[in-house]
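Geometric and topological summary
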Amino acid sequence: MSYGIFSDVHSNWEALSVVLEYLERQKVDSYICCGDIVGYGPDPNKCVEKIFSLKNLSVVPGNHDKAAIGQKDLSWFNSSARLALIWTIKQLSSENAELLNKLPTTIAADNFTAVHGSARAPIDEYLYSSIQCEENLNLFSTPVLFCGHTHIPFIYSSEDRKSNLSAIETENIFFLTGEKNIINVGSVGQPRDGDNRACCVIYNVANKEIKFIRLEYNFALTQQKMMPANLPASLIERLTHGM
Ligand code: ZN
């Protein structure tokens, strides 16, 4: 049994396509999406439709998804995120808004728990510190919790109690050694760890293997689409740097 896991697509069709083509080639059995399908980028509808067409999909909403369907106040966001959300709300079809509206904020399955932010606050908490990870370890009952939200991939295990940030490699492989593990799967469509490549993870349940993968995509094309949509320049620029 293997899962292809990804998060924070943020309406970036070019990055999503590369990630899903890769996961398909790897023949994953199921998909997990940790939210923030929309916001920031130029293709909200295409991204929602593609993700919801995946077989064996588990998906939770992120804070941008909630805001895009009117379930989170826009004052919560910084000005560029807010401008992009106002644009996204106008673009999103009612059918796609309804798909986002139906999602549970936490999925606790047999092999994994999935949230956007953290077990404690599934939509909103940014897991940056080891202390926060430690506090969250007892708040889910599966061996592994998958999350996103910070756009910075990491693995935190109850065994070594260390946050091993994945370095800038094309593939980083870890084996789950602790009883409890928190995996931040990074971001597909707006990485913020200094690597502009799309990020995703494959979880092989039988051998407890977690593989972080970085994939190049044509971010210039995404940027070209953002300009005529008048999306904020800072959001366009950051795709170049992955920051
Ligand atoms: Zn996000």
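Quick summary incoming for the structure in this document.

**Considerations on the nonpolar core**
In this structure, F6, V19, L23, I37, L100 and C200 are the most contacted members of the largest nonpolar core, which totals 43 residues. Within the residue set of this core, elements represented by two or more residues are α1 (13–25), β2 (30–33), α2 (44–52), α3 (63–68), α4 (79–91), β11 (198–204), β12 (209–215) and α8 (233–241). When residues in this core are grouped by element, the largest group, six residues, is from α1. When near neighbours in sequence (up to four residues on either side) are disregarded, I37 contacts V9, H10, S11, C47, V48, I51, F52, V59, D65 and L100. Residues V60, I107, F112 and I210 belong to the second largest nonpolar core, which totals 18 residues.

**Some details on the coordination of the zinc ion**
Protein ligation of the zinc ion involves D8 (OD), H10 (NE2), D36 (OD) and H151 (NE2), the donor distances falling in the range 2.0 to 2.5 Å. The coordination sphere of the zinc ion comprises four donor atoms, whose angles at the metal cover 85 to 176 degrees; the geometry is irregular. In the primary sequence, the donor residues of the zinc ion line up as D-x1-H-x25-D-x114-H. Highlighted residues: H10 in the loop between β1 (2–6) and α1 and D36 in the loop between β2 and α2, separated in sequence by 26 residues. For D36, a relative accessible area of 1% corresponds to the buried category.

**Digging into the packing of aromatic side chains**
For the structure shown, the criterion picks out nine aromatic pairs. Seen from their ring centres, Y217 and F219 are 6.2 Å apart, and the 70 degrees between their planes marks the pair as edge-to-face. Among the residues examined, Y217 registers a relative accessible area of 9% and is labelled buried. An aromatic cluster of three or more residues is present, and its members are Y3, F112, F146 and Y203.

**Some details on the sheet that holds β12**
Spatially, β3-β2-β1-β11-β12-β9 is the arrangement adopted by the six strands of the open sheet, whose pairing is mixed. Of all strands in the sheet, those bounded by a partner on one side alone are β3 (57–59) and β9 (171–175). Ignoring strand direction, the axes of neighbouring strands in this sheet form an average angle of 20 degrees. By the bridge criterion, four bridges tie β1 to β2 in an arrangement that is parallel. Bridging from a neighbouring strand, G4 pairs with Y31 of β2.

**Quick word on the pattern of salt bridges**
Summed over all chains, the structure comprises eight salt bridges. Salt-bridge contacts for E125 lead to R120; the nearest nitrogen and oxygen are separated by 2.5 Å. One salt bridge connects D193 with R214, and the closest N-O pair in it is separated by 2.7 Å. Residue D193 is found in the loop between β10 (181–184) and β11, and its partner R214 is found in strand β12; the two are separated by 21 residues along the sequence. Residue R214 is classed as buried on the basis of its relative accessible area of 6%. Bridged by salt links that share partners, the residues D193, D195, R197 and R214 form one connected network.

The rules behind the values
- Residues numbered from 1 in each chain as written.
- Predicted model: local features only at pLDDT ≥ 70, side-chain atom pairs only at ≥ 80, totals over all residues.
- Heavy atoms only, no water.
- Core = buried A, V, L, I, M, F, W, Y, C linked by side-chain atoms within 4.5 Å.
- Buried < 20%, exposed > 50% of the residue type's maximum accessible area, 1.4 Å probe, protein only.
- Helix = DSSP H or I, 4+ residues; strand = E, 2+ residues; numbered from the N terminus.
- Contact = heavy atoms within 4.5 Å.
- Donors = N, O, S within 2.8 Å, 3.2 Å for Na, K, Ca; no water.
- Tetrahedral: all angles 85-135°; square planar, octahedral: opposite > 155°, others 65-115°.
- Phe/Tyr/Trp six-rings, centres within 6.5 Å; stacked < 30°, edge-to-face > 60°.
- Pairing = 2+ DSSP bridges.
- Axes fitted to C-alpha atoms, helices over the stretch in contact; angles between N-to-C directions.
- Salt bridge = Lys/Arg side-chain N within 4 Å of Asp/Glu carboxyl O.

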